[in-house]
Amino acid sequence: MKILVTGGAGFIGSHVVDAFLAAGHDVAVVDNLTTGDDRWINPRARFHEVDLRSARLAQVFEAERPEVVTHLAAQASVARSVTDPAFDASVNIGGGVGLLECCRRYRVRRVIYSSSGGAGYGDTDVIPTPESHPSLPISPYGITKVAMEQYVSAWSGIYGVSGISLRYANIYGPRQNPQGEAGVIAIFCHRLLTGQIPMINGDGGQTRDYTYVEDVAAANVKALEHPEVTGGVNICTGVETSVNDLYRALIEAAGSSVQAQHAPARPGEQRRSCLSPALAARALGWKPTVSLGEGLRRTFGFFQKETAS
């Protein structure tokens, strides 16, 4: 099948491209390389350095004629969404709607949208959180992710484009940028390997659902194989892990004894976040396969090689 992946040079997107190619599909990548890295683009994929908001996007559709679009490109910084919400919306909503218009014009059959579970649901009183829970985003970034889910759903109803929104938990693994605001595991790995003391915000009791990136890529393949499944679907482990427990597991995987220090808590940070994977298992036949311990070993090994090179 011919697939166009937006954000295919990014952390998650590059793994999704790899998984589609491994499954025998024909893949093209769109990425403006603002946060993506051309080192991660699979050489078997055709690459177009194009911004989602550019008129050149239609030229990519004209050349590639994709049957499926997997949309991962985004302005993904929560902090920037707060300081510059207009820019955040211009990329995540403006660029996203422009992409959907190309999907309509070029008769794309299936849209697989990468959404956010944590930022979309906001603080919840149901753990693990199911898809039926109301979306209560507390940041401009979260608002744009929820809004794009609604656009994807509307395009399904109006134009017949089958659309699914994969609501990711906290994704980690190789190729994540340790310099970004997200990705505490990548940040911990980088600090351990460069002789810096890892810092834990607050008391470390805040919890997240840490899901390995290759499992997420496999979920995208399942979403491709099940076009009858539409709407929001959590992609997660359903396992709640505190930052303190995460750090202990990481230093065990790394063979390190360096103790983290604690910094002041971030204002407005969610205390608990953990999603339910039951619908993904039932509707897509997808379950996570990589345990946290194994994922941490693989991730630390990747950053070891990166630091040494």
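In case you missed it, the structure is sitting above this.
All of these numbers come straight from a predicted model, not from anything done at the bench.

(A) Broad picture of helix H4 (residues 85–105). Between its first and last C-alpha atoms H4 spans 29 Å; for 21 residues at 1.5 Å apiece the expected length is 30 Å, and the two agree. All buried positions along H4 are accounted for by Asp-88, Val-91, Asn-92, Gly-95, Gly-96, Leu-99, Leu-100, Cys-102 and Cys-103. Each element contacted by the buried residues of H4 is listed here: strand E1 (2–6), helix H2 (56–64), strand E4 (68–71), helix H3 (78–83), strand E5 (110–116) and helix H6 (140–159). Just downstream of H4 lies Arg-107, where phi reads positive at about 55°.

(B) Representation of the pairing of E4 within the structure. Of the two faces of E4, the one holding Val-68 and Thr-70 and the one holding Val-69 and His-71 are both buried throughout. Looking at chain direction, E1 and E4 are connected through 4 bridges and run parallel. Within E4, the position partnered with Leu-4 by the bridge is Val-69. Two elements, E4 and E5, share 4 bridges in a ladder whose sense is parallel.

(C) The side chain of Thr-207, seen in detail. Tracing the backbone shows Thr-207 in strand E9 (residues 207–208). According to the relative accessible area criterion, Thr-207 is buried, its value standing at 9%. A polar contact of 2.7 Å, which involves the side chain of Thr-207, links it to the side chain of Glu-240. Setting aside chain neighbours within four positions, we find Thr-207 in contact with Glu-240, Thr-241, Ser-242, Arg-271, Arg-272 and Ser-273.

(D) Geometry of the nonpolar core. Core analysis: the biggest nonpolar cluster contains 32 residues, and Ile-12, Phe-20, Ile-164, Leu-166, Tyr-168, Val-233 and Ile-235 have the highest contact counts within it. Listing elements by their share of this core, those giving two or more residues are E1, helix H1 (11–22), strand E2 (26–30), strand E6 (162–168), helix H8 (213–225), strand E11 (231–235) and helix H10 (278–284). Not counting the four nearest positions on each side in its chain, Ile-235 is found in contact with Leu-166, Arg-167, Tyr-168, Ala-169, Thr-211, Val-216, Ala-219, Ala-280 and Trp-286. Membership of the second largest hydrophobic core comes to 22 residues, among which are Val-30, Phe-61, Val-69 and Val-161.

(E) Seen up close, the sheet that holds E6. Ordered by their spatial adjacency, 7 strands build an open sheet running E3-E2-E1-E4-E5-E6-E11, and the pairing between neighbours is parallel. The sheet terminates laterally at strand E3 (46–48) and E11, the two strands that pair on one side only. Strand after strand, the sheet turns through a mean of 20° between neighbouring axes, direction not considered. Where E1 meets E2, 5 bridges bridge the pair, whose relative direction is parallel.

(F) Quick look at the packing of aromatic side chains. Tallied over the entire structure, the rule returns 7 aromatic pairs. Ring centres of Phe-61 and Tyr-106 lie 5.9 Å apart, and the angle between their planes is 35°; this geometry places the pair in the tilted category. Separated by 45 residues along the polypeptide, Phe-61 in helix H2 and Tyr-106 in the loop between H4 and E5 bring together distant segments of the chain. When its relative accessible area of 0% is taken as the criterion, Phe-61 is described as buried. A network of ring pairs unites the aromatic residues Trp-40, Phe-302 and Phe-303 as a single cluster.

About the thresholds
- Each chain carries its own residue numbering, running from 1 in the direction its sequence is written.
- Local features in this predicted model are restricted to residues of pLDDT 70 or higher, and side-chain atom pairs are both shown and tallied only at a pLDDT of 80 or more, whereas totals for entire chains, interfaces and linings draw on every residue.
- Based on all heavy atoms of the structure, the side-chain values leave hydrogens and waters out of the count.
- Secondary structure is summarised from DSSP: a helix means a run of H or I of at least four residues, a strand means a run of E of at least two, and numbering begins at the N terminus for each.
- In this analysis, the expected span of each helix is defined as 1.5 Å times one less than the number of residues it contains.
- Working definition: with a 1.4 Å probe on protein chains only, accessible area under 20% of the residue-type maximum means buried, over 50% means exposed, and in between means partly exposed.
- Here, residues are in contact when the closest pair of their heavy atoms is within 4.5 Å.
- Strand pairing is defined by DSSP finding a minimum of two bridges between the two strands.
- We call two N or O atoms a polar contact when they sit within 3.5 Å, provided that within protein one can donate a hydrogen and the other can accept it, with sequence-adjacent residues counted only if both atoms are side-chain atoms.
- For our purposes a nonpolar core is just a set of buried Ala, Val, Leu, Ile, Met, Phe, Trp, Tyr and Cys residues, chained together by side-chain atoms within 4.5 Å.
- Axis geometry follows a simple rule: fit a line to the C-alpha atoms, using only the stretch in contact for helices, then measure angles between N-to-C directions, giving values from 0 to 180 degrees.
- Here a Phe, Tyr or Trp ring, Trp counted by its six-membered ring, pairs with any other such ring whose centre lies within 6.5 Å, and the pair is stacked when the planes are under 30 degrees apart, edge-to-face when over 60, and tilted otherwise.

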